[in-house]
Amino acid sequence: MSFEDVIGQEDIRERLLKMVSEDHVPHALMLCGPTGCGKKALAIALGCELIKHSTCRPAAEASMFGMFDDAPASQELVPDANNMAMLAKLEHPDLHFTYPTIKTPSMGSEHQPVSSDFAREWHELLMTNGPYFSFNQWMEAIGAANQQAIITGGESDELSRKLSLKSSQGGYKVSIVWLPERMNLTSANKLLKLLEEPPRRTVFILVSEAPDQLLETIRSRTQRIDVKPISTDAIEQALIGRRAIDADNAHRIARVANGSWNKAIEALNADNENSEFLELFILLMRLAYQRKVKELKAWADNVSAFGREKQRRMLTYFLSQVRENFMYNFHTAELNYQTKDEEEFSRNFARFINEANVVEISEQMELAMRQIGQNANPRIVFFDLAMQIIVLLIQK
């Protein structure tokens, strides 16, 4: 993994590379930004670059080890071949990953889940998807249902033990903590102690989507770098260059992605979750307009069978479509961020979402989302939402 694998973010790439080349990397960094902006990719690239840079050998010594058959007898520093091979597979012993985990039925009652329990799933996801994957994809990879994934105190103990060991290759040890806001209080306090008294030649890189949820004492001991959404042009060029997408579709997908490479990749998959949500949104609106109460009850029963996290993602998608349909009425392409299928539906439906009801419909969906988060009965929540949509569509 190198900085060449990062989509866009040229300014931050240059800033991080300069830190490495000048040996001015702080002992704790925190990369913050929305899902899909590439902060995890930047963190892994930085970690690999630090280890590579700190384990370079003189060219003459490298030649002795057979790295370069014709290497000149000079003091020029060159990367170590073994390190490069391990970093390419993200299997370097000095590169440590920490991430949220769940407790599986096979674990003992006293066992606190740690990242190493799911090392195989983590590595497979990185090798298959690269560093651009979401928390939801991670939850699917580890077989989570409705469990809450956290970083436990046991994980902090394990990390402290690993980092107390001497670097295997004589260079930096790098600890990448993905979603530190999911640490429980015990874990957070133990990580704070590590940040206050870091092991020698150790760099912590926190990758956060909600830094305000972290302890203030942790935030104060890290150098924060805010990673903005990826530019539309960078996503468009990456789709053309890396995925061989034609220019027109690449432009449309890049706009819909709204700065997230994750969303851009999802849009390429005809069977992605948003396609399912679009069908459910269309069905809800059509049945509500036709006032088919019996069919709406069946619709509510169907979506109530989803897990709560999926229900919240669905409602988030519904909210975005309410916004897009309202904006469609202005007939200004620059204001709309829709796929071809979404736009096809909006062409006939958008007029039913207008100044008279757009705020109320949005409020009803936000209320449903809060209720789902509070563990309300989903059948009641979604059927009530459907009934409210009937009333609000009449106001057109």
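Our structure is the block above this text.
Here's what I pulled together on the structure shown here. Note that this is a predicted model, so its numbers are computed, not measured.

Let us look at the nonpolar core. Among the nonpolar cores identified, the biggest contains 62 residues, and Leu-16, Trp-138, Ile-176, Trp-178 and Trp-261 are the most heavily contacted of them. With nine residues, the top contributor of residues to this core is helix H2 (residues 39–54). In this view, Trp-138 contacts Tyr-99, Pro-100, Phe-118, Glu-121, Trp-122, Leu-125, Phe-133 and Trp-178; residues no more than four positions away in its chain are not counted. If you look at the next biggest cluster of nonpolar residues, it comprises 39 residues, including Ala-288, Leu-296, Leu-315 and Leu-392.

Okay, helix H17 (residues 358–373) next. In this model H17 runs 23 Å from its N-terminal to its C-terminal C-alpha over 16 residues, within 8% of the 22 Å that 1.5 Å per residue would give. Taken as a whole, H17 has its buried residues at Val-358, Ile-361, Ser-362, Met-365, Ala-368 and Ile-372. Projected down its long axis, H17 shows its buried positions confined to an angular sector of 120°, all on one face. One or two residues past the end of H17 sits Asn-375, with phi positive at roughly 65°.

This next bit is on the pairing of strand E5 (residues 173–178). Judged by how many residues are buried, E5 sits mostly within the fold: six of six residues are covered. Going residue by residue along E5, you find Lys-173, Ser-175 and Val-177 tucked away on one face and Val-174, Ile-176 and Trp-178 tucked away on the opposite face as well. Where strand E4 (residues 95–98) lies against E5, four bridges are found, and the strand directions are parallel. Across the sheet, residue Leu-95 finds its bridge partner in E5, namely Val-174. Across six bridges, E5 lies against strand E6 (residues 202–208) in parallel orientation. The residue bridging Val-174 from the neighbouring strand is Val-203, located in E6. Following the chain from E5 across helix H8 (residues 185–196) to the adjacent parallel E6, one finds a crossover that is right-handed.

Rules used throughout
- Residues numbered from 1 in each chain as written.
- Predicted model: local features only at pLDDT ≥ 70, side-chain atom pairs only at ≥ 80, totals over all residues.
- Heavy atoms only, no water.
- Core = buried A, V, L, I, M, F, W, Y, C linked by side-chain atoms within 4.5 Å.
- Buried < 20%, exposed > 50% of the residue type's maximum accessible area, 1.4 Å probe, protein only.
- Helix = DSSP H or I, 4+ residues; strand = E, 2+ residues; numbered from the N terminus.
- Contact = heavy atoms within 4.5 Å.
- Expected span 1.5 Å × (residues − 1).
- Arc of directions from axis to C-beta.
- Pairing = 2+ DSSP bridges.
- Right-handed = clockwise from strand over helix to strand, strands pointing away.

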